[in-house]
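# Reading the structure
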Amino acid sequence: MSATEKMGRTAGGAEGPPLHLAVDLRSDTVTRPTAAMRRAMAEAEVGDDVYGEDPTVNRLQVRAAEIFGREAALFVPSGSMGNLLAIRGWAPAGTEIVCEARAHTNQYELASMSALAGCFPRTVLATDGILSWELVESLIRPKNYLFSQTGLVWLENTHNMAGGTVHPQASADEICDNVHSLGLPIHLDGARIFNAAVAIGKSVAELSRKFDSVMFCLSKGLGAPVGSMLLGSREFIAKAHVTRKMLGGAMRQAGVVAAAGLIALEESPELLRRDHENARFLAEGLSRIRGVSVDPKKVVTNIVIFDVTGTGKTAAEISGALARKKILANPTEKFLIRMVTHCDVDRAGCEQALQVVDEVVTH
Ligand code: TLP
């Protein structure tokens, strides 16, 4: 087992097959900029964004705010930084972040949440990652000095580690209303909110309108090489702007990457449907392989998480064997493997992946 496999990541590049020869289903973060993006990047009008003078960054921020029906937006280097700025913006140090147990912020952002914001998570495991108001309510602390206090409530839509599930709109609205009635803020980790919007046929503005702040990623299914956006009120974004600088996240001629982000925002959402169809196709094929278990009906966006317990092999063993045959997929737990479809994987790639999984688990 290679070093990257031990860390729960399947090797690409130096340790695995040359990436351009592989079907890379490790994440939708692996997409490369399209020809149109590369052209726009080369031609981008730029300036120093620390002076607020990069016209392309400014256009991206205005356009993102417009699409989400918000007062303001901030271009940030990563989803993790966008989420951290939200925590810093809403939750005083020493308070708790209420979120689902498999939320990205609880699984992968604990170091920043704790070390850089002084906050800590308060979690519950929910079926399919979908929190209800009852579950959220059970985690909110009474306003009593004996307890550390609730600082922020958090939903993730789509829910990555629950398999790209989409939060039902009525339930999200109910949670937001109840959280607000207690005088608390609520943030949406909408890294893949465009996938959710396409899956349920609503706009991203509708899905997110009751949240106090929203983060979404340009660099995942939308295919841009770098960047995420944080959205909220003018006042909230002004505060986030100060914190972004403090964290070293202010970029200079960032219009070079914002240009790709603008194309991602306008052109990519309608392409996500194909990724969702490919994920369902993968899930249906996987469900027919002996020892593999997944419910294709639950696969509604671009993420498939399947259980390999019945194969007698661990997820790391299987993904290691897949990688040697040019199929890249990450183990997420001892017996779970995640495959993520995106614009750089087509139906033929998915067919190849299914054939290789079948070979690997049955031999
Ligand atoms: N997700 C990555 C990994 O970190 C697991 C992936 O491959 O899916 N929120 C959600 C819901 C995410 O899935 C991610 C990244 C982030 C936030 C953080 O975004 P980045 O990687 O831009 O910091």
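About the cut-offs
Residues numbered from 1 in each chain as written. Predicted model: local features only at pLDDT ≥ 70, side-chain atom pairs only at ≥ 80, totals over all residues. Heavy atoms only, no water. Helix = DSSP H or I, 4+ residues; strand = E, 2+ residues; numbered from the N terminus. Buried < 20%, exposed > 50% of the residue type's maximum accessible area, 1.4 Å probe, protein only. Near = heavy atom within 4 Å. Polar contact = N/O pair within 3.5 Å; in protein donor to acceptor, adjacent residues only side chain to side chain. Areas by Shrake-Rupley, 256 points an atom, 1.4 Å probe, with all protein chains shown as cover. Nonpolar A, V, L, I, M, F, W, Y, C, P; charged D, E, K, R; others polar. Domains from an automatic or database assignment. Pairing = 2+ DSSP bridges. Axes fitted to C-alpha atoms, helices over the stretch in contact; angles between N-to-C directions. Contact = heavy atoms within 4.5 Å. Buried area = accessible area lost by both parts, 1.4 Å probe. Salt bridge = Lys/Arg side-chain N within 4 Å of Asp/Glu carboxyl O. Phe/Tyr/Trp six-rings, centres within 6.5 Å; stacked < 30°, edge-to-face > 60°. Core = buried A, V, L, I, M, F, W, Y, C linked by side-chain atoms within 4.5 Å. Disulfide = S-S within 2.5 Å.

## Some points on unusual backbone geometry
For the bond from N157 to T158, the omega torsion is 0 degrees, close enough to zero to count as cis. Relative to the helices and strands, T158 resides in the loop between β5 (150–156) and α8 (169–181). Of note in the backbone geometry, D128 takes a positive phi value of approximately 60 degrees without being a glycine. Exposure remark for D128: the relative accessible area of 27% places this residue in the partly exposed category. Within the chain, K326 stands out as a residue other than glycine whose phi angle is a positive 70 degrees. Residue K326 is classed as partly exposed on the basis of its relative accessible area, which comes to 33%.

## Considerations on the site of the ligand
For the ligand, the set of nearby residues contains 17 residues, the closest of which are S27, S80, N160, D189 and R192. Measuring from an oxygen atom of the ligand, one finds a backbone N or O atom of G79 at 2.8 Å. Within the contact set of the ligand, an oxygen atom lies 2.8 Å away from a side-chain nitrogen or oxygen of N160. Protein burial of the ligand: of its 500 Å² of free accessible surface, 86% is covered by the chains. Those elements that place two or more of their residues in the shell around the ligand are α4 (79–90) and α5 (104–108). Its residues assigned to classes, the shell around the ligand comprises three nonpolar, seven polar and seven charged. Mapped onto the domain boundaries, the shell around the ligand takes at least three residues apiece from domain 1 (3–30 + 270–362) and domain 2 (35–267).

## Some points on the sheet that holds strand β9 (residues 303–307)
Ordered in space as β9-β12-β11, the three strands form an open sheet in which the pairing is antiparallel. In the strand order of this sheet, the two ends are held by β9 and β11 (330–333), each with one partner. Sheet twist, expressed as the mean angle between neighbouring strand axes with direction ignored, is 35 degrees. Both β11 and strand β12 (residues 336–340) contribute to a ladder of three bridges, which runs antiparallel. Note on β12: the bridge partner recorded for E333 is L336. Helix-sheet contacts for helix α14 (residues 315–324) involve β11 and β12, and the interaxial angle to β12 is about 40 degrees.

## Some details on the domain arrangement of the protein
When the domains of the protein are assigned, the result is domain 1 (3–30 + 270–362) and domain 2 (35–267). Its C-alpha centre places domain 1 at a distance of 27 Å from the equivalent point of domain 2. Counting residues at the interface gives 17 residues for domain 1, matched by 19 residues for domain 2. When domain 1 packs against domain 2, the two sides together hide about 1600 Å² of surface, and 55% of this comes from carbon and sulfur. Three residues, D28, L272 and I303, lead the burial of domain 1 against domain 2; their summed loss comes to 31% of the area buried on that side. At the junction of domain 1 with domain 2, the criterion picks out two salt bridges. D128 is the partner of K298 in a salt bridge, and the nearest nitrogen-oxygen pair spans 3.3 Å. The interface formed by domain 1 and domain 2 holds five residue pairs in polar contact (both at pLDDT 80 or more) in total. Only α13 (272–287) and β9 provide two or more residues apiece to the side of domain 1 that touches domain 2. Residue contributions to the side of domain 1 that touches domain 2 peak at three residues, all from α13. Counted by class, the side of domain 1 that touches domain 2 contains five nonpolar, six polar and six charged residues.

## Structural notes on the packing of aromatic side chains
This structure, assessed with the given rule, holds four aromatic pairs. The interplanar angle of 85 degrees and the centroid separation of 5.8 Å between the aromatic rings of F68 and F194 together place this pair among those described as edge-to-face. Here F194 lies in helix α9 (residues 193–200) and F68 lies in helix α3 (residues 55–68), a separation of 126 residues in the sequence. The pair formed by F68 and F194 is uniform in burial state, with each residue classed as buried.

## With respect to the nonpolar core
Nonpolar side chains tend toward joint burial in soluble globular proteins. Core analysis: the largest hydrophobic core is formed by 52 residues, its most contacted members being F75, V136, I193, F194, F216 and L218. The contacts of F216, once residues within four sequence positions are left out, are A64, F68, G190, A191, I193, F194, L222, S228, M229, L231 and L265. Membership of the second largest hydrophobic core comes to 29 residues, among which are A279, V299, M339 and L354.

## Concerning the state of the cysteines
Evaluation of the coordinates by the stated rule reveals zero disulfides. With no disulfide partner, C99 has as its closest neighbouring cysteine sulfur the one in C119, 11 Å distant.

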